Amino acid sequence: AYSVTAWGGTSSDQREGAPTCAGFVSIACGEYHSVALRDDGTVVTWGRRSHGERDDAPTYAGFVASACGMFHSVALRDDGTVVIWGRRSEGQRDDAPTCAGFVSIACG
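Because the structure is predicted, anything quoted here is derived from the model rather than measured. (Residues numbered from 1 in each chain as written. Predicted model: local features only at pLDDT ≥ 70, side-chain atom pairs only at ≥ 80, totals over all residues. Heavy atoms only, no water.)

Notes on the overall build of the protein
Okay, so step 1: Each helix and strand in the protein was counted, giving 0 helices and 6 strands.
Okay, so step 2: Helices and strands in the protein line up, N terminus first, as β-β-β-β-β-β.
Okay, so step 3: By the compact-globule yardstick of 13 Å for 108 residues, the protein fits well, its C-alpha radius of gyration being 13 Å.
Okay, so step 4: The principal-axis extents of the C-alpha atoms in the protein amount to approximately 35 × 35 × 20 Å.
Okay, so step 5: A burial count over the protein gives 40% of its 108 residues as buried.
Okay, so step 6: Long-range contacts, defined here as pairs at least 24 residues apart, represent 37% of the contacts in the protein between residues at least 6 apart.
Okay, so step 7: As displayed, the protein has an accessible area near 5800 Å², and 48% of this comes from carbon and sulfur atoms.
Okay, so step 8: For the protein, the distance from the average site of its 9 positive side-chain charges to the average site of its 13 negative ones is 5 Å. (Helix = DSSP H or I, 4+ residues; strand = E, 2+ residues; numbered from the N terminus. Rg over C-alpha atoms; globule rule 2.2 N^0.38 Å. Buried < 20%, exposed > 50% of the residue type's maximum accessible area, 1.4 Å probe, protein only. Contact = heavy atoms within 4.5 Å. Areas by Shrake-Rupley, 256 points an atom, 1.4 Å probe, with all protein chains shown as cover. Lys, Arg positive; Asp, Glu negative; His and termini not counted. Charge placed at Lys NZ, Arg CZ, Asp CG, Glu CD.)

Observations concerning the nonpolar core
Okay, so step 1: If you look at the biggest cluster of nonpolar residues, it comprises 10 residues: Ala-28, Val-35, Leu-37, Val-43, Ala-57, Phe-63, Cys-68, Ala-75, Val-83 and Trp-85.
Okay, so step 2: Excluding residues that lie within four positions of it along the chain, Cys-68 makes contacts with Ala-28, Cys-29, Gly-30, His-33, Ser-34, Val-35, Ser-73 and Cys-107. (Core = buried A, V, L, I, M, F, W, Y, C linked by side-chain atoms within 4.5 Å.)

A look at the packing of aromatic side chains
Okay, so step 1: Counted by the stated rule, this structure contains 2 aromatic pairs.
Okay, so step 2: Over the ring of Phe-24 we find Arg-38; its NZ or CZ atom is 4.9 Å from the centre of that ring.
Okay, so step 3: Above the face of the Phe-63 ring, Arg-77 is positioned so that its terminal group lies 5.2 Å from the ring centre. (Phe/Tyr/Trp six-rings, centres within 6.5 Å; stacked < 30°, edge-to-face > 60°. Lys NZ or Arg CZ within 6 Å of the ring centre and 35° of its normal.)

Thoughts on the pairing of strand β3 (residues 43–47)
Both faces of the sheet carry side chains from a regular strand, because those side chains alternate between them.
Okay, so step 1: By the criterion of burial, β3 is predominantly enclosed, with 4 of the 5 residues buried.
Okay, so step 2: In this sheet, β3 lies alongside strand β2 (residues 33–38) in antiparallel orientation, the contact comprising 5 bridges. Within β3, the position partnered with Ala-36 by the bridge is Val-44.
Okay, so step 3: Counting the residues that bridge the hairpin from β2 to β3 gives 4 residues, and of these Gly-41 lies at a positive phi of roughly 85 degrees. (Pairing = 2+ DSSP bridges.)

Let's talk about the sheet that holds strand β6 (residues 82–86)
Okay, so step 1: Strand order in the open sheet formed by 3 strands is β4-β5-β6, and the pairing between neighbours is antiparallel. Only two strands of the sheet have a single neighbouring strand rather than two, namely β4 (63–68) and β6. Pairs of neighbouring strands in the sheet enclose a mean axial angle of 20 degrees, with direction left out of account.
Okay, so step 2: For strand β5 (residues 72–77) and β6, the ladder comprises 5 bridges, and the chain directions are antiparallel. Opposite Leu-76, over in β6, you have Val-82 as the bridge partner. (Axes fitted to C-alpha atoms, helices over the stretch in contact; angles between N-to-C directions.)

Right, dumping it as structure tokens:
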């Protein structure tokens, strides 16, 4: 597991709330926010929060992958279900699948 270092602009809060601890296995980046997957199966978010990119993030464990779109994020749970949070104005969250069986995820 690794630690996270965030750099770059701060005009849109891209680095606000960036973690300073270790224990991360992957990172995904959106337009102004980021999501990191911890080795305990939880996700940590930082950056802009104007569209729920941080505030709507799940607070429980069981995740195996994460991905970021421009203003929304997706995380894959170990049971094959997906959790989506963030902006919904363009339907990013409205048609989220409710079934299990997914093995990978991507965001656009």
